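Chain by chain, the residues run as shown.
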Amino acid sequence: MARSSSNGNIRIVLTEPQPGASDQLQAQLAEHLGMERNGGNIDVVAVAHDGLEAAQMAAQLRPDVILLDEEMPGMSGYEAVSLISLAAPDVASVLMVNESRVERGDITARALRAGARAVVTPSTRPEALAELLVELSELQMGRSRPEYELVTNPAKMPVTISITGAKGGIGKSFTSVNLAVSFARKYPGQTVLIDFYGQYGNVPLMLDLHPNYNIGELTAFAGELDSTIIETHLSTHQESGLKVLAGVPGSAGVGGRLPEEQEIPFLADLIGLLRRQYRYVFFDVPPLIGRASDYVYSRSQFIVLVSALMDLSAVRDTATLYQQLTASRIAPERIKLVVSRYARSDELSVEDLEQASGAKVALTIPDDPQAAISSINEGSPAVTSRPNSPVARGIGELVGILENAMAAERQRRQPV
Ligand SMILES: Nc1ncnc2c1ncn2[C@@H]1O[C@H](COP(=O)(O)OP(=O)(O)O)[C@@H](O)[C@H]1O
Ligand SMILES: [Mg+2]
């Protein structure tokens, strides 16, 4: 397939219903494009004489841009444009329409519906037309933007993972931190952890971080967030390269810093921007903070639901949360039920939890106070400081479970 000329010229196909009708236009375009793109120029790769020929040339010669008339012999410009948009969607069609007709708004709408990129008239100034051609020919460069890969390559699909649970003190933050650190080590520079639970400052403590900023301070930029602002509010865990957005000490979520109606739009911007920058976005989500946590769940591809088996209320509350999640249309296969701090002496069994919740337990992470407590005290995650401890192995299994689930999802999205 012929693509843009290697010399950087804009390749265009013109149409001329009468022989020689485009000569003046060609001269004008050559003049303007020659002048404006220092040295750059325009290649008129073909001139079509009727609608069918125009569509054929677009589909077969693949110019950057094709300029068509609304009225052409044999086949109207609209029909030709709609065929081109099917056969050669990369070719930008520009439809030339008479002034008197373009003033009727529905003409432009009709051209756009057919697939035209722009509508011009015979009195469009040549320099404006030249500018338009340059702009349209540059659309192809979008393929080299990192975002192009993000949208087309399922392997680059960003994944948001929430770690949550119905109770405090069951190992949610411990799991979040160790999971996020594991991903950060495997996928350098691609992992961020949002501490949605500043309550006890556990996440920074577990990583020995002393954040300068937290999510509460970030809310001052609500409505005007961008990647740079977010980046300045993140802390870096040097050992793993994990980025962390610290929570607001003493409170949950955005720390009540925003009026209720601004909370979700803020989170939407935050998640949207983080997903452009990071492939793995982890959230350590506290129990019961209502709309904000519901929103985070709704934006999560996976939810790690952490439970404990130490008493009946832990099991009952987990079952309730699981049912709330599925009731709010979160597909059961997106929820990974994990028993944390699992011990033989537990009051209840895995079967009790499965029966109460109606969900399968994906994994049990052993109770391992030795590794858990000393790694927290040192501020050095168990997965790196004690990789062979039972609890670190448990986290390793969770990494595998999530990676398998992601691979299955990628498979589903692979173009057939
Ligand atoms: N697998 C484990 N084995 C033993 N102790 C654990 C384990 N996971 C967490 N802990 C302990 O539980 C306490 C609470 O953990 P944390 O992750 O802060 O809970 P949560 O975020 O659910 O409130 C921590 O002090 C930690 O020492
Ligand atoms: Mg916690």
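Here's what I pulled together on the structure shown here. Not measured: the values here are computed from a predicted model.

## Some points on the overall build of the protein
Along its length, the protein carries 18 helices and 13 strands. Here the protein has a C-alpha radius of gyration of 29 Å; the compact-globule value for 416 residues is 22 Å, and the former is much larger. With the principal axes as the frame, the protein shows a C-alpha extent of 90 × 45 × 40 Å. Contacts in the protein between residues far apart in sequence, at least 24 positions, make up 74% of those at least 6 positions apart.

## Quick look at the site of ligand 1
Lining the immediate environment of ligand 1, one finds 19 residues, of which G171, K172, S173, F174 and A372 sit closest. Mapped onto the shell around ligand 1, the elements with two or more residues apiece are α8 (172–186), β12 (335–342) and α16 (369–378). With four residues, α16 is the single largest residue contributor to the shell around ligand 1. Split into classes, the residues belonging to the shell around ligand 1 amount to eight nonpolar, seven polar and four charged.

## What about the pairing of strand β10 (residues 280–284)?
Burial analysis of β10 places five of its five residues in the buried class, which makes it a mostly covered element. Residues Y280, F282 and D284 point to one face of β10 and V281 and F283 to the other, with burial holding for every one of them. Bridging between strand β6 (residues 159–165) and β10 involves five bridges; their strand directions are parallel. Bridge assignment links I161 to a residue of β10, and that residue is F282. Where strand β7 (residues 191–195) lies against β10, five bridges are found, and the strand directions are parallel.

## A few points about the sheet that holds β10
Taken in spatial order, the eight strands line up as β8-β9-β7-β10-β6-β11-β12-β13 in an open sheet, and their pairing is mixed. Two strands lie at the open edges of the sheet, namely β8 (235–237) and β13 (361–366), each paired on one side alone. Going across the sheet, the axis of each strand differs from the next one's by a mean of 25 degrees, ignoring polarity. In the sheet, strand β11 (residues 302–307) pairs with β12 via five bridges, with the strands oriented parallel.

## Quick look at α8
Along its 15 residues, α8 runs 21 Å from first to last C-alpha, staying within 8% of the 21 Å computed at 1.5 Å per residue. For α8, a buried count of 13 out of 15 residues is recorded, marking the element as mostly surrounded by other parts of the structure.

## Notes on helix α13 (residues 291–298)
Taken together, the buried positions of α13 are A292, S293, V296 and Y297. Seen from one end, α13 has its buried residues packed into an arc of 140 degrees, which puts them on one side. For α13, the secondary structure elements touched by its buried residues are β6, α12 (260–277), β10, β11 and α14 (312–327).

## Digging into the nonpolar core
In this structure, A180, V192, F282 and L305 are the most contacted members of the largest nonpolar core, which totals 75 residues. At seven residues, the largest contribution of residues to this core is made by α8. Ranked by size, the runner-up nonpolar core spans 38 residues in total, among them Y78, V81, L83 and L133.

## Here's the deal with the sheet that holds strand β2 (residues 42–48)
Taken together, the five strands give an open sheet; going across it, the order is β2-β1-β3-β4-β5, and neighbouring strands pair in parallel fashion. This sheet does not close on itself; its edge strands, each paired only once, are β2 and β5 (118–120). Taking the axes of each pair of neighbouring strands and ignoring which way they run, one obtains an average angle of 25 degrees across the sheet. With three bridges connecting them, strand β4 (residues 92–96) and β5 associate as parallel partners. Of the residues in β5, the one forming a bridge with M96 is V120.

About the cut-offs
Residues numbered from 1 in each chain as written. Chains lettered and ligands numbered in written order. Predicted model: local features only at pLDDT ≥ 70, side-chain atom pairs only at ≥ 80, totals over all residues. Helix = DSSP H or I, 4+ residues; strand = E, 2+ residues; numbered from the N terminus. Rg over C-alpha atoms; globule rule 2.2 N^0.38 Å. Contact = placed C-beta atoms within 7 Å. Near = placed C-beta within 6 Å. Nonpolar A, V, L, I, M, F, W, Y, C, P; charged D, E, K, R; others polar. Buried ≥ 20, exposed ≤ 12 C-beta atoms within 10 Å, placed from the backbone. Pairing = 2+ DSSP bridges. Axes fitted to C-alpha atoms, helices over the stretch in contact; angles between N-to-C directions. Expected span 1.5 Å × (residues − 1). Arc of directions from axis to C-beta. Core = buried A, V, L, I, M, F, W, Y, C linked by C-beta atoms within 7 Å.

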